[in-house]
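Structural description and commentary
Okay, here's what each chain looks like letter by letter:
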Amino acid sequence: MAVCRAKQYRKRGRQCLFITLCIVLLIITGCYLTKPKADIGFLYQPLNRDKPITMQEWKTLLVDIQQQRMNSLLIQWSQYGTEKFDGTNGWLAKRIEAWFAQGGTVWFGLYSDPAYFKRIHTQSLSQQADYLNHYFVEIEKTYQRWKPWLTQHSASIKGFYLPLELSDYDFPTLQQRQQLTALLATQAHNYNKPLMVSLYLSATIDAPAIVQWVEQLTEAGIKVIVQDGSGTQALTEKVRQQYLSLLPSKSGIIREIFKQSSATPFVAQRLPYSYYQQATQQEINRDTYYFSLRYAPFSQGVLKLAD
């Protein structure tokens, strides 16, 4: 009798252990499956020098992108000053449509003001607000011009990128940052998809203040992606990492895959292939975009670095 009971207890013990392991496995699997997948892709700056590229060359480039296990493009702008890239029936629209046909998704950039960096840098709150409000009007005009096309391809468009390169250099005071956040929160109501902005670091304000700014923008409904500064090398590696290591998890990052050799005018080169591999094989724990498609090694011969 005692021997039978001992066997029963051992059997029950094995059953309990098996059930416990199954439950743990289900929990782990469930956590993995429900964890949001990071959005990974390239930024693409449309330039008129890209117009002569054939559709076959472009489609080959798109295949190369997806072979990198990337399925997203961030189109930096669809209008730059007065240049509209032939509009909704032009070469840029056709290139994006080819990307959609391959299952790709897009953050769609709107109007970019060539004078932005000159006009945004002011200590006057009222002047900065006036300029930003004027800029947002132009951005919305571009949105309205593209709206039928955007509606047609809505399923493949993740949101809209506002070509504002924010920086603590241009918004050094708390009042300026709060004003900008309020203005952007108002803009979010004018669009039917999320808005995205990018931010670069100048170390004008400390890392906790940057974190607070990013969190406030995120709470206002704005997706923030932060440039890692590895290409411009405006900050030392130590300072860059101090800032980047503290970024909120909901913010994305732009990995710079170029090496800048001149600031004015901006001149940069592609990285050696080994450095490109190192940059693109870093652990990805947040939405990540590589700047830019033009500097990817497989784009050489298709996307020119200069006219």
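The structure we're discussing is the one just above.
None of these values were measured; they are calculated from a predicted model. Note on numbering: residues in each chain are counted from 1, in written sequence order. Only residues with pLDDT of 70 or above have their local features reported here, since the model is predicted, and side-chain atom pairs are shown and tallied only from 80 upward, although totals for entire chains, interfaces and linings are computed over all residues. Hydrogens and water are ignored here; the side-chain numbers use all heavy atoms of the structure.

**Focus on the pairing of strand S7 (residues 195–200)**
Partly exposed residues are those whose accessible area sits between 20% and 50% of the maximum for their type, while under 20% is buried and over 50% is exposed, using a 1.4 Å probe and protein chains only. Elements are defined by DSSP. Helices are runs of H or I of four residues or more, strands are runs of E of two residues or more, and each kind is numbered from the N terminus. When you tally the buried positions in S7, you get 5 out of 6 residues, the bulk of the element. In this description, strands pair whenever DSSP reports at least two bridges between them. Here 5 bridges tie strand S6 (residues 157–167) to S7, and the two strands are oriented parallel to one another. Counterpart to glutamate 165 in the pairing with S7 is serine 198. Orienting the strands away from the viewer, one traces the path from the first strand over the helix to the second; a clockwise path indicates a right-handed crossover. The parallel pair S6 and S7 is bridged by helix H6 (residues 174–188), and the resulting crossover is right-handed. Pairing geometry for S7 and strand S8 (residues 222–227), over 5 bridges, is parallel. Paired with valine 197 across the two strands is valine 224, which belongs to S8. Read from S7 through helix H7 (residues 207–219) to S8, the crossover connection turns out right-handed.

**Here's the deal with the nonpolar core**
Residues Phe42, Phe108, Leu166 and Leu293 are the most contacted members of the largest nonpolar core, which totals 85 residues. The element best represented in this core is helix H5 (residues 125–152), accounting for 9 residues. Only heavy atoms enter the contact rule, under which two residues are in contact if any of them lie within 4.5 Å. Every residue in contact with leucine 166, bar those within four places of it in the chain, is listed here: Tyr116, Phe171, Leu180, Val197, Ser198, Leu199, Tyr200, Trp213 and Leu217. To qualify as a nonpolar core, a set must consist of buried Ala, Val, Leu, Ile, Met, Phe, Trp, Tyr and Cys residues joined through side-chain atoms within 4.5 Å.

**Description of the pairing of strand S1 (residues 40–44)**
In terms of burial, S1 is largely enclosed, as 5 of its 5 residues are buried. Where S1 lies against strand S12 (residues 288–291), 3 bridges are found, and the strand directions are parallel. Across the sheet, the residue bridging to phenylalanine 42 is tyrosine 290, located in S12. Both S1 and strand S2 (residues 72–75) contribute to a ladder of 4 bridges, which runs parallel. Looking at the pairing, tyrosine 44 lines up with isoleucine 75 of S2. Regarding topology, helix H2 (residues 55–67) serves as the crossover connection from S1 to the parallel S2, and that connection is right-handed.

**Things to note about the side chain of glutamine 76**
As for its position among the elements, glutamine 76 is in the loop between S2 and strand S3 (79–80). Setting aside its immediate chain neighbours within four residues, glutamine 76 contacts Leu43, Tyr44, Gln45, Pro46, Gly109, Tyr161, Pro163, Glu165 and Phe291.

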